[in-house]
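Examining the three-dimensional arrangement
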Amino acid sequence: MNAIALIARKEFQAAFRNRLFITITVLFLAMSILSVYIGSVTKRTELRVYNQTVASLTAQGVTALPPQPEIHTLTILSNLTEYVSIVGAILAVVLGYNALIEEKESGGLKLILSRPVYRDQLLTGKLLGNAAVIAVLLGLVFVFNLALLVLIGGIWPTLGEVGRLLSFVGLAFAYMLIFLSLAMLLSIRMQNSAAVFLVSLVAWMLLSFVIPQMAETMMANSTVINSISGATNQIPQDTAASQALNFLSPTWHLRSMGEQLLEAAPGSVILKTGTLIGHWLLTLFALLIPSIVFMAAGYITFLRDETLTLE
Amino acid sequence: MRMAIETFNLTRRYEDNVAVDNLTLRVPQGEIFGFLGHNGAGKTTTISMLTTLLLPTSGTAAIFGHDIRQENLQVRQHIGYVPENVRLYNDLTVAENLQFFAALSGVSAAPQRIIEVLELLGHPEWRGLRVGELSKGMRQRIGLAQALLHRPSILFLDEPASGLDPEGTRAISDLIVWLNEEFGITVFMNTHQLAEVTKLCTSIGIMNHGRLVMADTLKNVLARFPDHHSLEEIYLEVERQERSRA
């Protein structure tokens with residue numbers, strides 16, 4: 001086994017021995033159960049209320065019945081977007097922060113680099129090992145959510161819905177990779193483990209909350225007047241500035257695409273497939289750019305400044 | 001006589017600070033070389049360069065004839081390195097830690113070699129213990145074990161007895177001498193423990209503000225200062241001379 005694979009394997013094993021990581025993962029999965037349960041109950045209630053209404057109207061002799069509510073199967077899983085954007089990002093930060101700083105502080109990096117291992121192999125091994133952890137975790141989330149859909153929701157998803165969920169998982173991987181590579185870059189540059197963790201979290205908050213909120217303030221509002229009541233409603237509309245700001249937020253990309261993927265009606269899958277693939281590819285591209293930038297900066301710093309491992 | 005270490009004008013600068021200044025040194029194979037000097041004298045920087053962790057700013061160095069810049073992988077196959085306060089991976093067992101480092105070094109039949117090395121240390125029963133549960137002295141010996149896995153020709157030890165109690169210090173010292181006598185392993189160690197140096201080392205070098213101010217066999221050094229009764233006195237005298245020269 002070569003050095004990259006050895007280091008990747010060690011990182012992979014180390015993640016599943018990390019109590020903080022395991023705790024957050026368990027929390028993540030527990031939230032999924034709760035979310036699917038709540039989603040299923042809501043959908044069943046909607047259907048029950050509809051059936052009661054129809055029964056009541058039919059008893060009154062009404063023939064013009066309201067249309068049956070559409071059951072969007074994946075809507076039950078739509079909270080996944082929120083969980084990945086919050087818990088997923090924190091998990092990736094925990095992984096990235098653990099990848100280097102602890103060994104830097106303990107002198108473990110010196111031991112590895114005094115072996116026949118190149119610095120780029122070390123970094124690649126760590127990156128691949130932790131990326132594999134994220135992939136396994138998301139794989140677990142995918143299978144877990146499908147199982148919950150069947151077991152709790154009593155719904156068998158169609159092939160198209162499975163494809164949509166898988167597409168979302170792919171984007172979630174790219175999203176989590178951003179925070180993994182950011183935390184790794186910071187742990188290369190910084191000397192203090194607590195500082196790495198805090199700065200990573202601040203960066204996540206900036207990208208996830210501050211930028212989208214700033215974008216919201218830059219939206220244009222068009223006023224709509226209700227002709228009957230005379231009341232006015234403000235409808236926010238994107239501007240070039242708000243769109244440009246949102247483009248900088250990976251969380252916005254994940255949520256926007258997540259909504260499209262997980263809230264569509266089953267009947268629209270085939271019709272929208274072409275458009276969805278286009279949007280999906282654009283989102284994937286937007287999510288991969290920050291990871292590539294952070295990784296490149298990490299490699300350059302780690303390869304250029306050999307004193308970083310000696311402090 | 002084959003040289004284990006040869007450096008010529010080896011220099012390392014950190015911006016304006018010269019950590020190691022034109023170090024020219026030859027350590028023959030089979031020596032136990034004690035590298036002495038005050039804190040910040042350049043000892044750890046020298047070890048870092050010789051173990052290929054740090055590139056020199058200028059000058060050359062070779063380990064058993066292999067240039068540290070051009071042939072760093074060959075150098076790493078020759079060396080075993082134990083940094084100060086070695087911590088390894090606390091959540092892994094001793095055997096798992098050693099397995100990882102053996103695999104990185106390309107050691108064949110690693111499980112058997114791990115048992116051999118732990119037996120060399122006299123503690124095969126430590127195999128299943130978690131490193132996080134070990135005392136500092138035990139961890140230091142496991143650090144030495146990881147450095148021995150690939151049968152190195154030379155060991156670089158950075159303050160091997162730092163922070164150890166007298167019993168731990170004695171155990172490490174005995175091990176170093178035994179490895180040198182039994183397997184002919186050359187030892188290059190940074191240390192402040194001058195009493196141990198007198199017992200262990202066959203030759204010494206003294207660093208002062210990045211410069212090597214003395215390097216010779218221990219016997220010659222002691223003969224050069226007949227009025228001083230211990231290596232500690234000689235060391236302090238050399239330091240005093242350097243201060244007055246500066």
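Rules behind the numbers
- Residues numbered from 1 in each chain as written.
- Chains lettered and ligands numbered in written order.
- Predicted model: local features only at pLDDT ≥ 70, side-chain atom pairs only at ≥ 80, totals over all residues.
- pLDDT = per-residue confidence, 0-100.
- Helix = DSSP H or I, 4+ residues; strand = E, 2+ residues; numbered from the N terminus.
- Contact = placed C-beta atoms within 7 Å.
- Buried ≥ 20, exposed ≤ 12 C-beta atoms within 10 Å, placed from the backbone.
- Pairing = 2+ DSSP bridges.
- Core = buried A, V, L, I, M, F, W, Y, C linked by C-beta atoms within 7 Å.
- Nonpolar A, V, L, I, M, F, W, Y, C, P; charged D, E, K, R; others polar.
- Axes fitted to C-alpha atoms, helices over the stretch in contact; angles between N-to-C directions.

1. A word on the confidence of the model for chain B
Residue-level pLDDT values for chain B average 91, and 100% of them are 70 or greater. The ipTM value of the predicted complex is 0.88, and its pTM value is 0.84.

2. Re the environment of Phe179(A)
Residues and elements named next belong to chain A. Position of phenylalanine 179 relative to the elements: it lies in helix 6 (residues 159-189). Spatially, the C-alpha atom of phenylalanine 179 lies 10.0 Å from that of proline 250, the residues being 71 residues apart in sequence. Setting aside its immediate chain neighbours within four residues, phenylalanine 179 contacts Ala89, Ala92, Val93, Gly96, Ser200 and Trp204.

3. A closer look at the pairing of strand 3 (residues 32-37) of chain B
Residues and elements named next belong to chain B. Taking burial as the measure, the six residues of strand 3 include six buried ones, the bulk of the element. Covered by surrounding structure in strand 3 are Ile32, Gly34 and Leu36 together with Phe33, Phe35 and Gly37, the residues of both alternating faces. Looking at chain direction, strand 3 and strand 9 (residues 203-208) are connected through five bridges and run parallel. Bridged to leucine 36 within strand 9 is isoleucine 206.

4. Concerning the nonpolar core
All names here are of chain A. In terms of nonpolar packing, the biggest core is built from 145 residues, with Ala92, Val93, Ile134, Met176, Phe179, Leu180 and Ala183 touching the most fellow members. For this core, the leading source of residues is helix 6, giving 18 residues. In this view, alanine 183 contacts Ala92, Val93, Gly96, Tyr97, Val196 and Ser200; residues no more than four positions away in its chain are not counted.

5. Regarding the interface of chain A and chain B
Between chain A and chain B, the residue contacts involve 20 residues of the former and 24 residues of the latter. Only helix 1 (3-15) and helix 4 (108-113) of chain A provide two or more residues apiece to the side of chain A that touches chain B. In terms of residues, the side of chain A that touches chain B owes the most to one element, helix 4 of chain A, which gives five residues. Looking at side-chain class alone, the side of chain A that touches chain B contains nine nonpolar, six polar and five charged residues.

6. Some points on the sheet that holds strand 7 (residues 154-158) of chain B
All names here are of chain B. Taken in spatial order, the six strands make up an open sheet running 6-7-8-3-9-10, and their pairing is mixed. Where the open sheet ends on each side, the last strands, each with one partner, are strand 6 (79-82) and strand 10 (211-217). Here the average twist between neighbouring strands, direction ignored, is 15°. Summarising the sheet, strand 3 and strand 8 (residues 186-190) pair through four bridges and their orientation is parallel. Paired with phenylalanine 33 across the bridge in strand 8 is phenylalanine 188. Across the sheet, helix 5 (residues 136-148) lies against strand 6 and strand 7, angled at about 165° from strand 6, the strand it touches most.

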